[in-house]
Amino acid sequence: MTRAIHSPAVLCLAAMLCGASPPPASKPVTSSGQRPFADARAPMKARRPLHRPHTVLARPLPPILRDVTVANRDATREPVRQAFIDAVQIFPYSEGALYHVYAAPGLVTDIALEPGETLGSVAAGDTVRWVIGDTTSGAGPTKRTHLLVKPFTPGLSTNLVITTDRHVYHLAATSTARTAMAVLSWTYPQDALLALRQDAGKADTETPVAAGLDLEQLHFNYRVSGDTVDWRPLRAFDDGRQTLIEFPATIATGEAPPLFLVGPKGDAELVNYRVHGHFYVVDRLFDAAELRLGLKPQQIVRITRVTESGARPHGGHHDRA
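Everything quoted here is computed from the prediction, not taken from an experiment.

Visitor: Tell me about the sheet that holds strand β5 (residues 109–112), and please be specific about residues and values.
Guide: On the basis of which strands lie adjacent, the open sheet formed by six strands has the order β2-β3-β11-β5-β8-β7 and mixed pairing. Because the sheet does not close on itself, it has two edges, and the strands there are β2 (84–85) and β7 (130–137). Where β7 meets strand β8 (residues 144–151), eight bridges bridge the pair, whose relative direction is antiparallel. Bridged to V131 within β8 is K150.

Visitor: Quick one: what's the story with the packing of aromatic side chains, residue by residue and with numbers?
Guide: Enumeration over the complete set of coordinates arrives at nine aromatic pairs. Plain terms: the ring middles of Y93 and Y188 are 5.7 Å apart, the flat faces sit at 40° to each other, and that makes the pair tilted. Of this pair, Y93 sits in the loop between β3 (88–92) and β4 (98–103) while Y188 sits in the loop between β11 (183–187) and α3 (189–206), placing them 95 residues apart in sequence. Following the ring pairs from residue to residue traces out a cluster consisting of F91, Y93, Y99, Y169, W186 and Y188. Lying across the ring of F260, R292 places its NZ or CZ 5.1 Å from the centre.

Visitor: With reference to specific residues and values, describe the pattern of salt bridges.
Guide: Applying the stated rule across the entire model yields nine salt bridges. A salt bridge links E114 to R166, with the nearest nitrogen and oxygen atoms 3.2 Å apart. Linking E114 in the loop between β5 and β6 (119–124) with R166 in the loop between β9 (157–164) and β10 (168–175), this pair joins segments that are 52 residues apart in sequence. Taking the shortest distance from any N to any O, the salt bridge between R305 and D287 comes out at 2.4 Å. Taken together, the residues span a long stretch of sequence, with R305 in strand β20 (residues 299–305) and D287 in the loop between β18 (279–282) and β19 (288–293) at a distance of 18 residues. Taking relative accessible area as the criterion, R305 reaches 26% and is therefore assigned partly exposed. What makes D287 partly exposed here is its relative accessible area of 35%. Overlapping salt bridges, with partners in common, bring together E290, R292 and R302 in one network.

The rules behind these values
- Residues numbered from 1 in each chain as written.
- Predicted model: local features only at pLDDT ≥ 70, side-chain atom pairs only at ≥ 80, totals over all residues.
- Heavy atoms only, no water.
- Pairing = 2+ DSSP bridges.
- Helix = DSSP H or I, 4+ residues; strand = E, 2+ residues; numbered from the N terminus.
- Phe/Tyr/Trp six-rings, centres within 6.5 Å; stacked < 30°, edge-to-face > 60°.
- Lys NZ or Arg CZ within 6 Å of the ring centre and 35° of its normal.
- Salt bridge = Lys/Arg side-chain N within 4 Å of Asp/Glu carboxyl O.
- Buried < 20%, exposed > 50% of the residue type's maximum accessible area, 1.4 Å probe, protein only.

Here's what the structure looks like:
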């Protein structure tokens, strides 16, 4: 009887002769019958890193574009609760401001212009997804133009430029899901201030500048010299206590020059005066004064009081003929 041999070497040789893979080597068994743990000092096989999607970092804006963004943000006027009268948001008008209007699909927002203001044109950045129309109310001096704005969907934004015979309006429009401003309009504080100034100027013009002057005491011994400019005074005179400088009527529509008194050493000092129509009224007498406007080049017109002997007072720098 032949006894089978089952040693590991014999089994491996038999497997190789048969073309099979040799059995895996078994780990040694300890005396307690348990297999030992793996050696913690053995080097671990490096794991492949998990795939992470490529992240594109946003490039910072160029300085000029950043400045534009900041300027637009600072110029934006948002609706505020205190400025509502019923459902009308009233903005104080300021040229160059950007007014924010909120609209919603299915709702019409009314942009009401100033009564009597004539519409010129309307331009919008997005004319495909926004409906913009206009209509009027009232008649005569109270006739008022209304711009009607409605978006197709929420989440849209665009801008509008409205030109009239009086103002230019810049608006930023945003569409929401359900909330819309019903009406927005403006007050015009600068126009009101200008009207007050015009009324005051008209009152001054209607009051004769010679009121309170003793015509027999007027002295016209003043010489006007210097640059030939549009605002060059026509003449100067005094009544013994006030000096009046008369300008062309166009001084009311142009830039008015400030008046400086020139001392004996040529030093110039700004003097107080009142503007009455196209006259400067100085509540004192002077020997020499200069009207100066601009810097490079500076326009200078000199006014010099001539004495009875025909000589000019000494002091100050020479005239520019």
